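Each chain, written out:
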Amino acid sequence: MATLKDVARDAGVSVATVSCCLSGSKPVKESTRMKILDSVERLKYIPNASARNLKSPRSRLIGVVLTDIDNLYHAEIFKGISSSLQSQGYTVSVAFSNNQPDQECEIINDFISQNVAGLLIITCQPQNTDFFQSRILNFHIPVVFLERIPWDLDVCLAGFQNEEITFYLTDALLKKGYRQIGLVLGPLSFSSEQDCMLGYQRAFSKNGLSPTPSLICTTNLTKEDAFKTVLTTLSKRPLEAVISSSETLHWGALEALKNRGFSIPGQVLLLTFGEETWSQAHRTEGVIYTSRTAFHLGSCASRLLLKHILYPDCTEKTLILSDSILKEPLEIPPIDNPFRKLLKAEFSPELQAQLFQEISSMTGPLFSSCPLTTDTQLRILLADLSTAHSVELLSDSFTRSTGIRLSFQYLPQKELLPYITHHSEEPRAFDICMYDIPWLDYLVQNSLLADLTEFITGEDFHPESIFPENMENCRCQDGYYGIPLIGGAQILFYRRDLFEDSRCQKLFYKLHGSTLKPPRTWTEFNRIASFFTQSENPHSPTPFGTSLAGVTDEELAPELWIRLWAMNGRLWDAYNRPCLDCPENQAALESVLETLRYTGSDPFSTSIPQTVENFSLGRTAMLITYTEYATQISRSLHENIIGQVGYKLLPGRRPASIGWNLGVNPYSSKAPLAFQFFRWLCQRDTSFYITILDGQSPVMAPYHSLELLKLYPWMSITEESFSYTQKRKGPYKHNALVVPQNKIEGILCQTLRQVLQEGTPISQALADNQERLRSLLLSYGYPRPFTR
């Protein structure tokens, strides 16, 4: 095993310099620091915080690694660990990985450096077999894993009879005639969740039945993900019972089912793995809880660890505890499903789900408290975006409380504006429409949006709960013409694990003479993108540095705007005279062209989802995109153990003001109903639900929730970005027509296409398209600019 002297010798510096560098006690030159970090990585040196070699007798310190400080079940496990070990004279140190694999690795390495006597671990990365083998087993450190065992390793495990418990619950339900039984689990990479799945499947097999795959939901073990998963899948089916593998998942499932109008208790029976307790105060009436003794599990796992510390040849490896519910008869109530008689057992699961939806649509949402009539129906026209679909998922609760039925129609973004323009006056076309921020002036000038100023400034609406920047995006001249639905922003996503990797840091410093860190300018962005592109740097851990979407002008234009603004570029001056052909815009386009060298794909055939996929699968090191995709990115990187994502403000700090509003059709007679819908949409609870469903609520409350910020750390960057956003608006002159923004941005995008597809020099393309812009402005009544 490498020592401090070995590192010093390899790096060509003194032992004292290595010590100062690793401890941070004294400043060390950047070039020297890079040499030392490179040697540490190459020799796989583990700093020993206790200044003792690992070959010496170990301390009486036990390291405990848990996933989440807020998990009450894990808190009880730790109580058992602490009580058991401290009574034996051991010191217990606990750290939390927050379900981040790289953070867990850092914690374990830190414990090893402290010369721990042993480790107790609830891992979030059981598939990372190589790490556990090289860092723990190869060092012969006693370790006991709780609940989740690493793949293909012969290690100690302490847990519960999860397979038997799930089998017992499922079998009892099936014997009582239940068939539509949902199962809510954590990741199937966890052995505890695999066991639950096996028990569920075995119970169906024993009863001569086959489980319905679509009734099995996997989550990331947070109540927020359980809420989202159950709301989007299970709640759309004729459920009779739901089994959750933890109380955390149970709370998310319960919230989702109640939101969809299921009667709890009553219509759906809920069963959940629970913690043994005498108190019933925090439990929901009618829910069946199992009784795992987490404290006892912690105590038993500690005793098993002590055996392996004191007796290295101990052969006892596995400790599986029972649940007291297995010794008790279950009181399963009769099925209370109003749709059961209408859905024949021989119908396929797919047909049953379809019939359930059709029955619900005919009768209205479950347990509606208000009568439904054709006079109380709102027709809503939406862009086909995730936040819009989130609104529809949540809309049943609005209908139940108001009696107003909502009918949703979705269109691709490029078809939405023409549809609004040509169909507003048609009877029964739509009452509410969704529109992109740049369309506002055009829609208002053409009388396609109702003036909502009186409603917005009235007593029954509270615009102060919404970000001022988002409300400003609804204002045209002196009036309001909508409420914000989506209020996101562009931010920088980057592979934090690569930026912090010592080898990458050393090589970057060697090539560029500066520290590898998230870029603040577009020049820095391109330099880093080049470094992470294998054709430019064969040692790059990723094939490409970044990617850029431009399959449509709607996707490409913001990519161009943010670079133009950062370099003080513009398309017209204060007198509405076109100035596309200017040095600042040429510099911006040159920056775009350099970025494209590090993308590996044609921007005109690359969509935003493709750029997100490239980053999520580890093909790129940086990505500029919208916070709407942040959850998808974070989940994908975590599931594939690719790395950890970081979030920063956009290079240049000039993000485009991105958002969609909801407006009222001026030809609709249902504005009062629309106002009720708007008030519901801006409620605190609704905004939280939309955020959890991966939406971008413009309401401030979710962005100030510590609970959500912990799960969605990019939200703080989003809020900060609002103060830097720039509006995508055309020129303005009193009594002149509004120039449609898509025509302006079409000319901007055509400039780049001309350069890339026709080989036109940048200066010529700018000059050509400035003439096109001049003609466009003249056609809308803007004054003829002076001749340059």
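Here the structure is a predicted model, which means the values were calculated and not measured.

Criteria and thresholds
Residues numbered from 1 in each chain as written. Predicted model: local features only at pLDDT ≥ 70, side-chain atom pairs only at ≥ 80, totals over all residues. Heavy atoms only, no water. Salt bridge = Lys/Arg side-chain N within 4 Å of Asp/Glu carboxyl O. Buried < 20%, exposed > 50% of the residue type's maximum accessible area, 1.4 Å probe, protein only. Core = buried A, V, L, I, M, F, W, Y, C linked by side-chain atoms within 4.5 Å. Contact = heavy atoms within 4.5 Å. Pairing = 2+ DSSP bridges. Helix = DSSP H or I, 4+ residues; strand = E, 2+ residues; numbered from the N terminus. Axes fitted to C-alpha atoms, helices over the stretch in contact; angles between N-to-C directions. pLDDT = per-residue confidence, 0-100. Parallel < 35°, antiparallel > 145°, perpendicular 65-115°, else oblique. Left-handed = near helix turned anticlockwise from the far one by under 90°. Nonpolar A, V, L, I, M, F, W, Y, C, P; charged D, E, K, R; others polar.

S.K.: What is the right way to read the pattern of salt bridges from this model?
M.R.: Pairs can form between side chains of opposite charge whenever their charged atoms are close. This structure, assessed with the given rule, holds 25 salt bridges. Taking the shortest distance from any N to any O, the salt bridge between aspartate 501 and arginine 503 comes out at 3.6 Å. Aspartate 501 sits in the buried class, given a relative accessible area of 17%. Within this structure, Glu163, Glu164 and Arg202 form a network of salt bridges that share partners.

S.K.: Looking at this structure, I do not really get the nonpolar core. What am I missing?
M.R.: The nonpolar side chains of soluble globular proteins are, as a tendency, buried together. Ranked by size, the top nonpolar core spans 187 residues in total, and within it Met434, Leu662 and Phe677 carry the most contacts. Those residues within four positions of leucine 662 in sequence are excluded, and the remaining contacts are Leu382, Ile432, Cys433, Met434, Tyr435, Tyr481, Gly482, Ile483, Leu485, Phe677, Phe678 and Leu681. By size, the runner-up hydrophobic cluster in this structure holds 27 residues, among which are Leu66, Leu85, Tyr90 and Ala117.

S.K.: Help me out: how do you make sense of the sheet that holds strand 14 (residues 432-436) in this one?
M.R.: In a beta sheet, neighbouring strands pair by backbone hydrogen bonds and run either parallel or antiparallel. With mixed pairing, the five strands of this open sheet are ordered in space as 13-12-14-21-17. Two strands close off the open sheet at either side, each with one partner strand: strand 13 (405-411) and strand 17 (483-486). Sheet twist, expressed as the mean angle between neighbouring strand axes with direction ignored, is 30 degrees. Sheet strands in contact with helix 14 (residues 413-423) are strand 12 (377-383), strand 13, strand 14 and strand 21 (660-664), and its direction is about 130 degrees off that of strand 12.

S.K.: Just checking my understanding: could you explain the confidence of the model for the chain for this structure?
M.R.: The predicted structure's coordinates, where accompanied by low pLDDT, should not be read in detail. Overall, the prediction assigns the chain a mean pLDDT of 87, with 90% of residues at 70 or greater. Segment residues 49-56 is flagged for pLDDT under 50; beyond a separation of four residues in sequence, or across chains, it makes 16 contacts in the model. Here residues 359-373 is a poorly scored stretch, pLDDT under 50, and it has 38 contacts once near neighbours within four places are set aside; other chains count.

S.K.: Can you help me understand the sheet that holds strand 2 (residues 91-96) in this one?
M.R.: Read from one edge to the other, the open sheet built from six strands follows the order 2-1-3-4-5-11, with strand pairing classed as parallel. Edge positions in the sheet fall to strand 2 and strand 11 (318-321), since each of these pairs with one other strand and no more. Direction aside, the axes of adjacent strands within the sheet are offset by 15 degrees on average. Across three bridges, the pairing between strand 3 (residues 118-121) and strand 4 (residues 143-146) is parallel. Across the sheet, residue leucine 120 finds its bridge partner in strand 4, namely valine 144. Helix-sheet contacts for helix 11 (residues 294-310) involve strand 1 (61-66), strand 3, strand 4, strand 5 (156-160) and strand 11, and the interaxial angle to strand 5 is about 165 degrees.

S.K.: Please explain the packing of helix 1 (residues 4-11) against helix 3 (residues 30-43) as it appears in this structure.
M.R.: A pair of packed helices is captured by two measures, namely the crossing angle of their axes and the spacing between those axes. Contact geometry of helix 1 with helix 3 gives a least axis separation of 9 Å together with a crossing angle of 125 degrees. As the angle between them shows, helix 1 and helix 3 are arranged oblique. The crossing of helix 1 and helix 3 is right-handed. Contacts between helix 1 and helix 3 pair Asp6, Val7, Asp10 and Ala11 from the former with Lys35, Ile36, Ser39, Val40, Arg42 and Leu43 from the latter. Residues that form the contact of helix 1 with helix 3 fall into these classes: five nonpolar, one polar and four charged.

S.K.: Got a minute to help me understand the pairing of strand 14 in this structure?
M.R.: On a regular strand, each side chain points to the face opposite its neighbour's, so the side chains alternate between the two faces of the sheet. In terms of burial, strand 14 is a largely internal element, five of the five residues being buried. Here strand 14 shows a buried face lined by Ile432, Met434 and Asp436 and a second buried face lined by Cys433 and Tyr435. Sheet topology places strand 12 next to strand 14; two bridges connect them, and they run parallel. Bridge pairing in strand 14 links leucine 381 to cysteine 433. Pairing of strand 14 with strand 21, which is carried by five bridges, proceeds in the antiparallel orientation. Opposite tyrosine 435, over in strand 21, you have asparagine 661 as the bridge partner.

S.K.: What should I look at first to understand the packing of helix 21 (residues 553-566) against helix 29 (residues 741-758) in this one?
M.R.: One can describe the packing of helix 21 onto helix 29 by two numbers: an axis separation of 9 Å at closest approach and a directional angle of 75 degrees. On the basis of the axis angle, helix 21 is roughly perpendicular to helix 29. Together, Asp553, Leu556, Ala557, Leu560, Trp561 and Leu564 of helix 21 and Gln741, Glu745, Gly746, Leu748, Cys749, Leu752 and Arg753 of helix 29 make up the contact between the two elements. Counted by class, the contact of helix 21 with helix 29 contains eight nonpolar, two polar and three charged residues.

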